[in-house]
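Remarks on the overall topology
Next come the chains, spelled out residue by residue.
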Amino acid sequence: MTSEEEPHFSEAFPSHLFETQSEILIEDKRWHRHVPRVTTLIQRAVAQCADTGHQPGSVVLSCDRVVKRLNGIHRGKHRPTNVLTFDPPPGFPGGDIILALETVVREAHRAKKPVGDHLAHLIIHGNLHLAGYDHHHPGEARTMEMQESLLLSRLGISNPWKPRS
């Protein structure tokens, strides 16, 4: 076979073979206490992102300790954060969304909203990052916030960027 006859990677591994549901890993079982039907909520939040053309490979519900360690190793920030995203290797679909229980719960309580609503928002936020959205500049942030609001509204969740009265 000549080099012209060799199949390209995309031909040898059709993308439809990768189109599966995101894997949901619940590392910290306390998530079940804070979010009823947490797996269903995650599936619904991920499904809302179908318009972005992107689906994470996994959603991991972890804890502050794990997220702090990952944040330190990969971003040089030695503190927990609510959500981390990790892009997939070049040429592969997916990516990972990892959430920190204590931080997510604390933020939801501070905002006086259900933990499940905040979790759905962060899953959508992480998925948008994996789809190429960002919020480092005001224009980018506004675009990403508008997309988050739209996707959350489809889940019946109010706009997290609109001040509550």
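Let us look at the structure shown here. If you're wondering where the values come from, they're calculated on a predicted model, not measured in any experiment.

Section: the overall build of the chain
In terms of regular secondary structure, the chain is built from seven helices and four strands. Walking the chain from its N terminus toward its C terminus, one meets helices and strands in the order α-β-α-α-β-α-β-β-α-α-α. Taken over 165 residues, the chain has a buried fraction of 40%. Nonlocal contacts in the chain, meaning residues at least 24 apart in sequence, comprise 59% of its contacts between residues at least 6 apart. A total of about 9900 Å² of accessible surface is found on the chain, and carbon and sulfur atoms cover 52% of it.

Concerning the pattern of salt bridges
Considering all chains together, one arrives at five salt bridges under this definition. A salt bridge links Arg30 to Glu102; the shortest N-O distance between them is 2.7 Å. One end of the pair, Arg30, is in the loop between strand 1 (23-26) and helix 2 (31-34); the other, Glu102, is in helix 5 (residues 101-110), with 72 residues separating them in the sequence. Judged by relative accessible area, Arg30 falls into the partly exposed class, the value being 29%. A residue is classified by how much of its surface remains accessible, and Glu102, at 26% relative accessible area, is partly exposed. Residues joined by salt bridges that share partners form a network here, namely Asp28, Arg30 and Glu102.

Section: helix 7 (residues 138-154)
For helix 7, which comprises 17 residues, the first-to-last C-alpha distance of 25 Å matches the rise-based estimate of 24 Å (1.5 Å per residue) to within 8%. All buried positions along helix 7 are accounted for by Ala141, Met144, Gln147, Glu148, Ser149, Leu151 and Leu152. Buried residues along helix 7 sit in contact with helix 3 (38-48) and helix 6 (115-130). Two residues or fewer past helix 7, Gly156 is found with a positive phi of approximately 80°.

A look at unusual backbone geometry
If you check the backbone angles, Arg37 has positive phi at about 50° while not being a glycine. With respect to the helices and strands, the residue Arg37 is situated in the loop between helix 2 and helix 3. Residue Lys112 is not a glycine yet carries a positive backbone phi of 55°. Of note, Lys112 is situated in the loop between helix 5 and helix 6.

Examining the sheet that holds strand 2 (residues 58-62)
Sheet strands pair via backbone hydrogen bonds, and the direction of the pair is either parallel or antiparallel. Taking strand neighbours across the sheet as the criterion, the four strands line up as 1-2-4-3 in an open arrangement whose pairing is mixed. The two strands at the open ends of the sheet, each matched to only one other strand, are strand 1 and strand 3 (83-86). Neighbour-to-neighbour, the strand axes of the sheet open up by a mean angle of 15°, direction not taken into account. Where strand 1 and strand 2 come together, four bridges link them in parallel fashion. Residue pairing for strand 2: Glu23 is matched across the bridge by Ser58. Strands in contact with helix 5 are strand 2 and strand 4 (96-100); relative to strand 4, the strand with the most contacts, it is inclined by about 65°. Here helix 6 sits on the sheet and contacts strand 2, strand 3 and strand 4; the angle it forms with strand 4, its principal contact strand, is near 145°.

Description of the side chain of Ser149
Tracing the backbone shows Ser149 in helix 7. On the accessibility criterion, Ser149 (14% relative accessible area) is buried. Non-local contacts of Ser149, meaning those with residues more than four positions away in its chain, are made with Asn159, Pro160 and Trp161.

Cut-off values and rules
- Residues numbered from 1 in each chain as written.
- Predicted model: local features only at pLDDT ≥ 70, side-chain atom pairs only at ≥ 80, totals over all residues.
- Heavy atoms only, no water.
- Helix = DSSP H or I, 4+ residues; strand = E, 2+ residues; numbered from the N terminus.
- Buried < 20%, exposed > 50% of the residue type's maximum accessible area, 1.4 Å probe, protein only.
- Contact = heavy atoms within 4.5 Å.
- Areas by Shrake-Rupley, 256 points an atom, 1.4 Å probe, with all protein chains shown as cover.
- Salt bridge = Lys/Arg side-chain N within 4 Å of Asp/Glu carboxyl O.
- Expected span 1.5 Å × (residues − 1).
- Pairing = 2+ DSSP bridges.
- Axes fitted to C-alpha atoms, helices over the stretch in contact; angles between N-to-C directions.

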